[in-house]
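Residues per chain, in single letters:
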Amino acid sequence: MDSTHSIIDNSSIDQNNKKNILTTTTTLVKRVTLKNFDKEIINFENDLKEATFISIDTEFTGLGYQKGLKQEDIQEKYHAMINLVKQRSILEFGISIFKANFNDDKKEENNNNTSICGDYNQNNTKEVEDVGEAVTPPINNNSNDNDNNNSNNNDNSLLEKSYTIRVYNFIMLNISDFQVSPISMTFLSKHGFDFQELFLYGIPFQSKRPIHSTSTKIYNNNNNNNIINNHEDTLRRSKLLLDILTKSQLPSVIHNGIFDLLFIFQSLIGDLPDKLNDFISKILSVFPKIYDTKYIAEYKVNEKRSYLQYLFQKYERFNFKRLLRKETYATCNFKTFSDNDNDNDTLIPLINTEYSFIKPISPNMKICNDFADYGHCRLKDNCPDSHDISLVLDLEEHKNQKKKRGRNKLESNEELEKIDEEQEIKKTEGENIVSIVNNSIMENDKNNSNNNYNNKKYQELFKMEGQNVHSAGFDSALTGFIFVYYLLLFKNSNLQNEVENKIFLSGKQVPLVLKVSKYA
């Protein structure tokens, strides 16, 4: 299923906006299979030459449960992980190529050195800054003041850190036998994974490699040589993909990606070695600098919740607030794919920088605590409570507003205005917090045709409110934006070097450090 989308034009959209409207032949995420590999791998290699970094994600056939994954000893934990990986298989390999469109040598304004939204604090002593008020773009009452408008535009252009993104989703077919998890297969099916496409046109690779003896190689006849040559030809595309990635030597970003790295190794590089140090040495030969946004979120930013979709939507909101506060902010735009080569420069935004997502809340619907905290719920579709991340974020922001008002009250000794009962957050011990969106994105700013168009665009492209978009390619793009936001966060610190090649490990108090030991 191609990530192809169609948005209907309407008369209220001006000519400048029309160029961003997608046609049925335009795709945000290029699915690469046997049918188009030979063409797209050339485009992929060319895009890598201009890249600042890549972000990667995989989909695989599930892991199931293994007691060894809870081992405290890192070598024993590694053995448990590789035993699982060798039994399962990768299905998708998503790679987002991020290109920075700015020169970072420019001198920053003093206000860019101030604290930023979020929980990050270099000294880890200052009180966490609240995520703020329900912000809306400021209104310029003097519409005839062109000089003022031009000045604002110039300021924004200096503060903007713009990235373009090319997303490739390689559909990978394992020609070796492998196990699957029914739960994982059901999840992928519900999110549009095309298993027929996988088995008919997936890019072949071999996760279980035969061991050839010396005598077998010596006495091969012509027929056997032909078989070997055909086998090599079958695997040439997956080997070419590895060669191109190795040659690029780009910084690579993952999110909770230890299993992503293990599956990529077993699928493309070779059999996972018994010694952890050997794995580290070889994986660094392909990806010399690796950044795990899960590790950064938990250990450096002190996020209480750190799953991918939550962080993406949270930082998208924070990024918009930075724009309004005249701080450096990011823009990330898909560079689309089209059947018409002349249309391949169309840019479609990954993140919103045009209006606030924050909405009023009312006590009508319960939020699932498990989903809010971990991004999944054991009841799945049968859960009676909301699995909407935007509601979770709305609640967090309104709670922080309430705390901020309380602090202001103590400082100024002034009475706060009473909060409308319909918007008050009611909670009791052991009870789920309740919340619901009063006004949907489509209903926001009804009198502004451009906002209506943007709302429709975001709903149509990403469906983020319902979390209906899911693929390795798309998730790799979300991962890349989270890293872009951290680059803003760590602009004036050495933290980027501190988190390099440190990988989050579930159940461990310390990360896995990808550094070759001389004593192993």
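In the block above lies the structure referred to throughout.
One structure accompanies this document, and this report is about it. (Residues numbered from 1 in each chain as written. Predicted model: local features only at pLDDT ≥ 70, side-chain atom pairs only at ≥ 80, totals over all residues. Heavy atoms only, no water.)

## Things to note about the packing of helix 11 (residues 293–300) against helix 16 (residues 472–489)
Threshold: Axis geometry follows a simple rule: fit a line to the C-alpha atoms, using only the stretch in contact for helices, then measure angles between N-to-C directions, giving values from 0 to 180 degrees. Runs of H or I in DSSP of at least four residues are treated as helices and runs of E of at least two as strands, each being numbered from the N terminus. In what follows, roughly perpendicular refers to angles from 65 to 115 degrees, roughly parallel to angles under 35, roughly antiparallel to angles over 145, and oblique to any angle outside these ranges. In this scheme the crossing of two helices becomes right-handed for a clockwise turn of the near helix relative to the far one and left-handed for an anticlockwise turn of less than a right angle. Contacts are residue-level and defined by heavy atoms, with any inter-residue pair within 4.5 Å sufficient. Each residue gets one label: Ala, Val, Leu, Ile, Met, Phe, Trp, Tyr, Cys and Pro are nonpolar, Asp, Glu, Lys and Arg are charged, and the others, such as Gly, are polar.
It is the contact of helix 11 with helix 16, at a shortest axis distance of 10 Å, that shows an interaxial angle of 45°. Judged on the interaxial angle alone, helix 16 and helix 11 are oblique. When the axes of helix 11 and helix 16 are compared, the crossing they make is left-handed. Counted together, Thr293, Ile296 and Ala297 of helix 11 and Thr479, Ile482, Phe483 and Tyr486 of helix 16 form the full contact between these two elements. Partitioning the contact of helix 11 with helix 16 into residue classes produces five nonpolar, two polar and no charged.

## Some remarks on helix 16
For clarity, the cut-off: For a helix, the expected span equals 1.5 Å multiplied by the residue count minus one. Per-residue accessibility, obtained with a 1.4 Å probe over protein chains only, is compared with the maximum for each type, and a residue is labelled buried under 20%, exposed over 50%, and partly exposed between these values.
Taking 1.5 Å as the rise per residue, helix 16 with 18 residues should run 26 Å; its terminal C-alpha atoms sit 26 Å apart, in good agreement. Burial runs high along helix 16: 17 of the 18 residues are buried.

## Some words on the side chain of Ser96
How we decide: Between N or O atoms, a polar contact is any pair within 3.5 Å; within protein, one atom must be a potential hydrogen donor and the other a potential acceptor, and residues adjacent in sequence are included only when both atoms are from side chains.
With respect to the secondary-structure elements, Ser96 resides in strand 4 (residues 90–100). A distance of 2.7 Å separates the side chain of Ser96 from the side chain of Ser476, its partner in a polar contact. Excluding its chain neighbours within four sequence positions, the residues that come into contact with Ser96 are Phe53, Ile54, Ser55, Ile165, Arg166, Val167, Gly473, Ser476 and Ala477.

## Brief notes about the packing of aromatic side chains
Test applied: Centres within 6.5 Å are what make two rings of Phe, Tyr or Trp a pair, Trp counting through its six-membered ring; a difference in plane orientation under 30 degrees is then read as stacked, over 60 as edge-to-face, and the rest as tilted.
Within this structure, the stated rule accounts for 24 aromatic pairs. Taking the centre distance of 5.2 Å and the plane angle of 85° together, the rings of Phe44 and Phe170 count as edge-to-face. Residue Phe44 is located in helix 2 (residues 37–49), and its partner Phe170 is located in strand 5 (residues 160–174); the two are separated by 126 residues in the primary sequence. Residue Phe44 shares its accessibility class with Phe170, and that shared class is buried. Each member of the aromatic cluster is reached from another via a ring pair, and the members are Phe53, Phe98, Phe102, Tyr163, Tyr291 and Phe483.

## Structural notes on the pairing of strand 4
Selection rule: We call two strands paired when DSSP finds no fewer than two bridges between them.
When you tally the buried positions in strand 4, you get nine out of eleven residues, the bulk of the element. Pairing geometry for strand 3 (residues 53–60) and strand 4, over eight bridges, is antiparallel. Note that in strand 4 the partner of Phe53 across the bridge is Phe98.

## Observations concerning the state of the cysteines
Put simply, the test is: Our working definition of a disulfide is a cysteine sulfur pair at a distance within 2.5 Å.
A full pass over the atoms with the stated rule returns zero disulfides. Of all cysteine sulfurs in the structure, the one in Cys368 sits closest to Cys383, which takes part in no disulfide; the separation is 3.9 Å. A residue is classified by how much of its surface remains accessible, and Cys383, at 13% relative accessible area, is buried.

## Structural notes on the packing of helix 3 (residues 74–87) against helix 9 (residues 258–269)
The geometry of helix 3 relative to helix 9 is characterised by a closest axis approach of 10 Å and an angle of 55° between their N-to-C directions. In this view, helix 3 runs oblique relative to helix 9, as classed from their interaxial angle. The handedness of the crossing between helix 3 and helix 9 comes out as right-handed. Residues Tyr78, Met81, Ile82, Val85 and Lys86 of helix 3 form the contact with helix 9, whose participating residues are Ile258, Phe259, Leu262, Phe263 and Gln266. Tallied by class, residues from the contact of helix 3 with helix 9 come to eight nonpolar, one polar and one charged.

## Regarding the nonpolar core
As a reminder of what qualifies: To define a nonpolar core, start from buried Ala, Val, Leu, Ile, Met, Phe, Trp, Tyr and Cys residues and group those joined through side-chain atoms within 4.5 Å.
Phe44, Phe93 and Phe170 are the most contacted members of the largest nonpolar core, which totals 54 residues. Sorting elements by how many residues they give to this core places helix 9 first, with eight residues. The residues touching Phe93, leaving out its near neighbours within four places in the chain, are Ile56, Asp57, Thr58, Tyr168, Asn169, Phe170, Met172, Leu241, Leu245, Ile264, Leu268 and Ala472. Residues Ile296, Phe334, Cys383 and Ile482 belong to the second largest nonpolar core, which totals 52 residues.

## Focus on the pattern of salt bridges
We apply this condition: In the sections that follow, a salt bridge refers to a side-chain nitrogen of Lys or Arg positioned within 4 Å of a carboxyl oxygen of Asp or Glu.
Applying the stated criterion across every chain, the model contains 17 salt bridges. Where Glu327 meets Arg322, a salt bridge forms, and the shortest distance between an N and an O atom there is 3.8 Å.

## Examining unusual backbone geometry
Phi is positive for Gln249, close to 55°, though the residue is something other than glycine. For Gln249, the position within the fold is in the loop between helix 8 (222–248) and strand 7 (252–254).

## As for the environment of Asn501
Structurally, Asn501 can be placed in the loop between helix 17 (495–498) and strand 12 (502–503). Overall, Asn501 belongs to the buried group, its relative accessible area being 8%. Between the C-alpha atom of Asn501 and that of Ile280, which follows or precedes it by 221 residues, the distance is 9.9 Å. Ignoring any residue separated from it by four or fewer positions in sequence, one finds Asn501 in contact with Leu284, Pro288, Lys289, Ile290, Leu512, Val513 and Leu514. At a separation of 3.3 Å, a polar atom in the side chain of Asn501 contacts the main-chain carbonyl oxygen of Pro288.

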